[in-house]
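# What the coordinates show
The lines below spell out each chain.
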Amino acid sequence: DHVSKARVHGLWPQVPPYGNSQCLPPSGSHQPLDVATACYAKDLCLQSHEWCKHGTCSGASDPHDYVRQTCSLASGVLEILNSHPHSGLEVQTQAVR
């Protein structure tokens, strides 16, 4: 399966054993995600998986807040990566910070 555009896979806290971030559970609604966003290539299954696996420790107030924050943080990176989707572009870390 070929993906024609870069998309978000996930954003998660670096909790043990991968880091030393504290797990911060959601403070708001636990209403399930019902709309897939463009930054996840409209893949509601992946988006829901990322919330359940990682977002519930991210400090986001609810699933929609987690997706909003993830897509906002990824927007600049996705713009760079998708500006030349077939060029074999190599992006330096400094360009996306």
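Parameters and conventions
- Residues numbered from 1 in each chain as written.
- Predicted model: local features only at pLDDT ≥ 70, side-chain atom pairs only at ≥ 80, totals over all residues.
- Heavy atoms only, no water.
- Core = buried A, V, L, I, M, F, W, Y, C linked by side-chain atoms within 4.5 Å.
- Buried < 20%, exposed > 50% of the residue type's maximum accessible area, 1.4 Å probe, protein only.
- Helix = DSSP H or I, 4+ residues; strand = E, 2+ residues; numbered from the N terminus.
- Contact = heavy atoms within 4.5 Å.
- Disulfide = S-S within 2.5 Å.

### A closer look at the nonpolar core
Counting 12 residues, the largest nonpolar core is built from Val 8, Leu 33, Cys 39, Tyr 40, Leu 46, Trp 51, Ala 60, Tyr 66, Val 67, Cys 71, Ala 74 and Leu 78. For this core, the element with the most residues is helix α2 (residues 63–82), which contributes 5 residues. Setting aside anything within four residues of it in sequence, one finds Cys 71 in contact with Thr 37, Cys 39 and Tyr 40.

### Some remarks on the state of the cysteines
With the rule as written, the count across this model stands at 2 disulfides. Each sulfur in the disulfide pair Cys 23 and Cys 57 lies 1.7 Å from the other. Residues Cys 23 and Cys 57 are joined by a disulfide whose S-S torsion is about -95 degrees; by sign, that bridge is left-handed. Taken together, the positions of Cys 23 in the segment before α1 (44–53) and Cys 57 in the loop between α1 and α2 put the pair 34 residues apart, joining distant regions of the chain. Judged by relative accessible area, which is 36%, Cys 23 ranks as partly exposed. Given a relative accessible area of 19%, Cys 57 falls into the buried group. Taken N- to C-terminal, the disulfide-bonded cysteines of the chain are connected 1-3, 2-4. Sulfur of Cys 45: no disulfide; nearest cysteine sulfur belongs to Cys 52 and is 9.9 Å away.

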